Every structure is written in structure tokens, then in C-alpha cells.
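# Structural features, examined
Single-letter residue listing:
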Amino acid sequence: MSSDPLYQQLADHYRHAIGARTLAPGDRMPSVRTLMATHGVSLSTALQACRQLEREGLLQARPRSGYFVCAPARPSITSIDEPTNLVADPAQYIGIHERISYVLARSQQESVKFNLGGASAAAGLYPIDALRNAARRALQRDPMLYGEAVKPRGHDPLRTALARLALAMRVQLSPDEILITHGCTEALQLALRAVANPGDVVAVESPTYYGLLQILESLGVRALEIPCSAQTGISLEALELAVRSYKDIKAVVAMPNLQNPLGSIMPDEQKATLVQWCEKNGIALIEDDCSSATADSDMALRAAKSWDRSGNVIYCSSLHKVLAPGMRLGWIAGGKWHARIEMLKFALSRPNEMLTQTAVAEFIVSGGYERHLRRLRAALKRQRDWMAQAVATSFPPGTKLSVPRGGMHLWVELPDGTSSEQVFERALQEGVYVAPGVIFSNSGRFEPCLRINCGSPRSAGLEEAVAIVAAVARKVAREAMPASGAAPVESAFRTTVA
Ligand SMILES: Cc1ncc(COP(=O)(O)O)c(C=O)c1O
């Protein structure tokens with residue numbers, strides 16, 4: 001019997017019926033009363049199931065008429081291929097920093113009118129008023145806050161609140177096993193410093209978050225790129241092959257939930273296998289889990305850390321993307337390296353200041369955080385679906401895309417031979433920034449890829465920005481195409497959800 005909540009099981013049942021076209025677009029969904037009578041469920045279960053399907057874009061509520069099955073939301077688009085070459089790209093640590101700095105500096109020019117390359121959502125999607133009020137109350141309660149010494153490990157109520165939130169991901173931590181950091185960036189820095197020295201090899205997903213490559217380069221640590229699937233995350237087979245050639249891998253850094261930039265979610269069995277594999281090979285696992293709270297489902301994704309029995313997994317997370325980009329709050333649970341990590345944090349940056357921690361702790365304890373996340377997830381899903389549809393209809397034929405089940409990005413693969421750097425440069429000239437694939441890897445594998453942000457609600461400005469990128473991408477793809485090998489304009493599209 002499924003352990004999913006009843007409303008999920010009911011939603012699954014009708015999702016299946018819609019997928020099989022037993023219920024076709026335009027059909028009326030059985031009424032809530034009928035669902036209650038047919039399946040013996042409560043009113044709230046029947047309603048939750050319908051709302052879930054509505055959030056997924058499969059049903060539409062019509063006033064006083066009930067729910068109807070929606071027409072397919074978008075023309076489908078070919079999904080990104082699974083990696084076939086499972087050989088890791090040689091470990092390297094020079095050069096990427098320069099490339100990334102160039103792209104980031106160009107993206108910060110004043111002439112940029114629309115940022116489609118960033119990693120957070122539009123400011124209006126964050127609970128800024130509530131956080132401001134919580135900060136004001138914190139100062140009223142403790143007017144001497146700025147005069148007091150800060151707590152070395154961070155604000156106790158915040159660490160307790162984070163430990164409680166982690167329970168949903170099946171992670172058991174005491175507040176003392178959590179250290180507050182300056183974002184996930186500092187958490188990753190600390191984790192890497194704890195387990196690796198300059199010249200060591202660390203395995204990373206390929207492609208991966210460019211900030212991680214910058215950190216590795218700045219530490220003099222060599223990044224060994226392991227192929228990663230847009231569906232199931234880092235390839236365990238490729239890791240097994242890599243460990244035979246590279247005897248001295250000190251750590252694997254992975255994002256099992258909503259990998260950046262691919263958006264993949266590792267199946268739970270693979271997360272468990274990864275944890276066991278690292279343990280068996282004496283390799284630390286650094287889990288970067290910044291985005292899992294943005295997954296579409298209200299049911300929390302399980303963290304790899306939840307399978308850790310020996311302290312071999314260092315868990316790094318952040319509230320930056322999901323709660324408040326302006327706050328720079330992150331945290332780390334360092335497993336068996338925790339004491340060393342606390343010492344490193346003290347040596348490198350000292351503890352975080354208290355006001356933001358106090359405000360955020362209050363906000364989480366009040367239940368405001370969970371309510372905010374529900375709204376954020378729904379908004380991101382809407383925006384992602386719209387963006388995927390816009391890409392499907394306007395990007396060059398041959399474009400590939402796997403739509404993730406959460407997060408703020410789409411990873412788009414342009415037709416072979418299309419230079420994302422060219423797209424980046426030319427779109428920038430027209431005031432739009434998109435992140436080119438070349439900053440997500442030291443290898444040349446992702447030259448035709450782009451990461452596109454879908455953190456902003458649909459607007460005329462956004463539509464125009466996407467149209468600019470699409471037109472530029474079509475032009476660059478056309479220029480790259482050998483005259484005889486022109487792809488048909490109406491290519492057969494198909495969608496997958498990562
Ligand atoms: C996967 C990943 N890890 C780490 C970070 C850095 O997080 P923070 O901004 O909290 O330092 C980001 C930010 O975009 C990210 O996408």
C-alpha cells in the first residue's frame with residue numbers, strides 16, 4: 001500500500017487518467033461530491049487532490065461549474081539526452097574563474113535590463129514585509145542587540161528551528177550539530193577546507209553550479225567532473241569508473257535535490273547508494289541542498305544526509321534562494337568534521353550577526369516560512385511552465401529541454417554547434433543576460449547550453465526578454481548550421497519532466 005497521503009494517491013489516480021486520455025482536455029472532472037462518494041474520502045482530501053492537479057496545470061477550476069481537464073499546456077520539446085560518455089573529465093583547477101568573472105562582470109553592467117541568468121526569484125515573491133516586521137520586533141525586544149557579543153554557532157532558536165525543518169527531509173540533527181554560515185557559499189568553503197587540501201581532487205557533477213568551481217579554484221583543489229543526468233543526477237557508474245583512475249578523490253560534492261543547473265532529482269535509492277558508496281570508498285560526501293524547498297510537491301524531498309550513519313555526509317544549505325536573497329543566511333551540519341568546521345568558521349569569518357538570525361527564527365517558528373514556501377512553489381511552477389512553453393515555441397528547432405520538478409531554472413540545450421557564448425554576448429547587447437553553458441564546467445561539453453531563470457512572474461518585460469533571447473538563439477543556430485544540413489522547421493517535440 002502506498003505511504004503517500006490520501007490526497008496524493010487520489011491525485012495520482014486522476015493524473016494517470018488524464019495522461020491516458022481517459023479524461024481528455026475539456027472533459028469535466030468528477031465533482032468533489034462524486035470523488036467523496038466514489039472513493040470514500042473526506043471533502044478536504046477530495047479538494048486537496050483537485051487543487052494539486054490544478055497546481056500542476058492539469059485541471060482548471062471554472063466558477064460554479066467545477067474542475068475541467070486542461071488542454072496540454074505546451075507544445076512538447078525533446079528532452080535532454082542522458083550522458084553516454086561516462087568517463088570523468090580530467091581534474092583541473094585553472095581558468096574557469098577567469099571565464100566566470102568575465103561573464104558575471106558583463107552581467108552586472110548597467111545596460112542589462114533583464115536578468116535571466118540569476119539564481120533567485122523576483123523580490124516580490126519573498127516575504128519582505130513580514131521579515132522587516134520581525135526584525136523590528138527583534139530590536140524592540142532587545143534594544144541592546146547590536147551591543148552584545150554574537151553566539152559562535154549562531155542564534156540558538158534558529159538552529160533549533162532548522163533542526164526541526166530538517167526532520168521533514170528525514171534528517172535527524174540536534175541544534176548543536178548545526179552551524180550558521182554566510183550563505184551556502186561559506187558552508188561549501190568550510191566543508192571543502194575541512195576535507196581537502198590544495199592539489200587534492202574533488203569530484204563534482206558535470207555540469208555544476210559555477211560558484212562551486214570558483215570555490216575549488218580559489219582553494220587550489222582540482223575539480224574532477226562526473227557526468228550528471230538531467231533526470232537522475234550524478235552518475236554512480238561514472239563515479240565507480242573515476243575512482244579506479246583517481247585514487248586520491250577526497251570528496252564528492254553533489255546536489256541530489258534539484259541539481260543546479262540541470263534541475264535533476266536523484267531517486268531515493270540512488271541517494272542511499274551514493275551515501276553508502278562514499279562511505280565504502282573513504283570519500284566525504286558534501287551535499288549541497290539549497291533548492292530542495294522549491295520542489296513542486298509540498299511533501300519534502302529526502303536529503304542524502306538522512307542515510308548517513310557515520311557522519312561522512314556534510315550537509316550544506318541556505319535560506320538565500322528560498323526565503324530572502326538579501327540576508328545571506330546559510331547553514332552546515334558537518335558530520336564527523338563538525339568541530340573542525342566550527343574552528344575554521346571562527347578563523348575565517350567569525351559568527352554571523354544576530355539580527356537577521358533572530359528575525360528569521362521568529363518567522364520560521366510562527367509558521368510564516370511554510371506558508372511562504374507553499375506560495376513560492378506554486379508561483380515557481382507557473383513561471384517554469386510558462387517559460388518552458390515559451391522556449392518550446394520560440395527557440396530554434398532541435399532545442400532540447402527537460403522541465404525540472406522544482407527550482408528556478410531551465411537548462412536548455414541549443415542545437416549542436418550553437419555557441420551559447422555568442423547567444424550570451426548578442427543577447428547582452430540587447431539588454432538581456434542569460435547564463436552561458438561554458439561557466440558550468442571546465443570541459444567544453446556544455447558550449448551549446450544556456451541556463452534560464454524562471455524566478456520572475458510573467459510580464460510584458462519578461463516576454464520581451466525571452467523573445468530577444470529566442471531570436472538571438474535562432475540566428476546563432478542558423479549561422480552555425482551547415483548549409484545542407486538545415487533542420488526542419490517543424491521538428492517533432494516531446495516533453496519530459498526531470
Ligand atoms: C547550488 C548552489 N549552491 C550554493 C549556492 C550559493 O548559495 P548562497 O547564495 O546561499 O551562498 C547557490 C547559489 O546560487 C547554488 O545555486
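Keep in mind it's a predicted model, so treat the numbers as computed, not measured. (Residues numbered from 1 in each chain as written. Predicted model: local features only at pLDDT ≥ 70, side-chain atom pairs only at ≥ 80, totals over all residues. Heavy atoms only, no water.)

### A short note on the pattern of salt bridges
This model, assessed by the stated rule, comprises 21 salt bridges. We note a salt bridge from Asp 176 to Arg 153, for which the minimum N-O separation is 3.4 Å. Of the two residues, Asp 176 sits in the loop between helix 6 (156–167) and strand 5 (179–182) while Arg 153 sits in the loop between helix 5 (128–141) and helix 6, which places them 23 residues apart along the sequence. With a shortest N-O distance of 2.9 Å, Arg 153 and Glu 342 are connected by a salt bridge. One end of the pair, Arg 153, is in the loop between helix 5 and helix 6; the other, Glu 342, is in helix 11 (residues 338–348), with 189 residues separating them in the sequence. (Salt bridge = Lys/Arg side-chain N within 4 Å of Asp/Glu carboxyl O. Helix = DSSP H or I, 4+ residues; strand = E, 2+ residues; numbered from the N terminus.)

### Examining the site of the ligand
Looking at the ligand, there are 14 residues lining it, with Thr 185, Asn 260, Asp 288, Ser 318 and His 320 nearest. In this structure, Cys 184 approaches the ligand through a main-chain N or O atom, which is 2.8 Å from an oxygen atom. Ser 318 places a side-chain nitrogen or oxygen 2.6 Å from an oxygen atom of the ligand. Coverage of the ligand by the protein amounts to 96% of the 390 Å² it exposes when considered alone. Counting atoms within 2 Å of the grid points, the majority share of the ligand lands in the second largest pocket. Sort the elements by how many residues they give to the shell around the ligand and helix 7 (residues 183–195) lands first, with four residues. Tallied by class, residues from the shell around the ligand come to six nonpolar, five polar and three charged. (Near = heavy atom within 4 Å. Polar contact = N/O pair within 3.5 Å; in protein donor to acceptor, adjacent residues only side chain to side chain. Areas by Shrake-Rupley, 256 points an atom, 1.4 Å probe, with all protein chains shown as cover. 1 Å grid on protein atoms, 1.4 Å probe; cavity = no way out; pocket = protein on both sides within 12 Å on 5 of 7 lines; lining within 4 Å. Sits in = over half its atoms within 2 Å of the grid points. Nonpolar A, V, L, I, M, F, W, Y, C, P; charged D, E, K, R; others polar.)

### Looking at the confidence of the model for the protein chain
Summary statistics for the protein chain give a mean pLDDT of 91 and a share of 94% for residues scoring 70 or more. This model gives residues 484–498 a pLDDT under 50, and the stretch forms 35 contacts once residues within four places in sequence are excluded. (pLDDT = per-residue confidence, 0-100. Contact = heavy atoms within 4.5 Å.)

### Observations concerning the domain arrangement of the protein chain
Examined at the domain level, the protein chain breaks down into domain 1 (6–69), domain 2 (94–124 + 373–485) and domain 3 (127–369). Distance from the C-alpha centre of domain 2 to the C-alpha centre of domain 3: 26 Å. At the boundary of domain 2 with domain 3, total buried surface from both sides reaches about 2,800 Å², with 56% on carbon and sulfur atoms. Area buried by domain 2 at its contact with domain 3 is led by Leu 373, Arg 377 and Arg 405, which between them contribute 23% of it. Counting the contacts that link domain 2 with domain 3 gives two salt bridges. Note that Arg 377 and Asp 298 form a salt bridge whose closest N and O atoms lie 2.9 Å from each other. The set of elements that each furnish at least two residues to the side of domain 2 that touches domain 3 consists of helix 4 (96–107), helix 13 (368–394) and strand 14 (409–413). The greatest single-element share of the side of domain 2 that touches domain 3, amounting to seven residues, is contributed by helix 13. Considering only residue class, the side of domain 2 that touches domain 3 consists of 15 nonpolar, eleven polar and seven charged. (Domains from an automatic or database assignment. Buried area = accessible area lost by both parts, 1.4 Å probe.)

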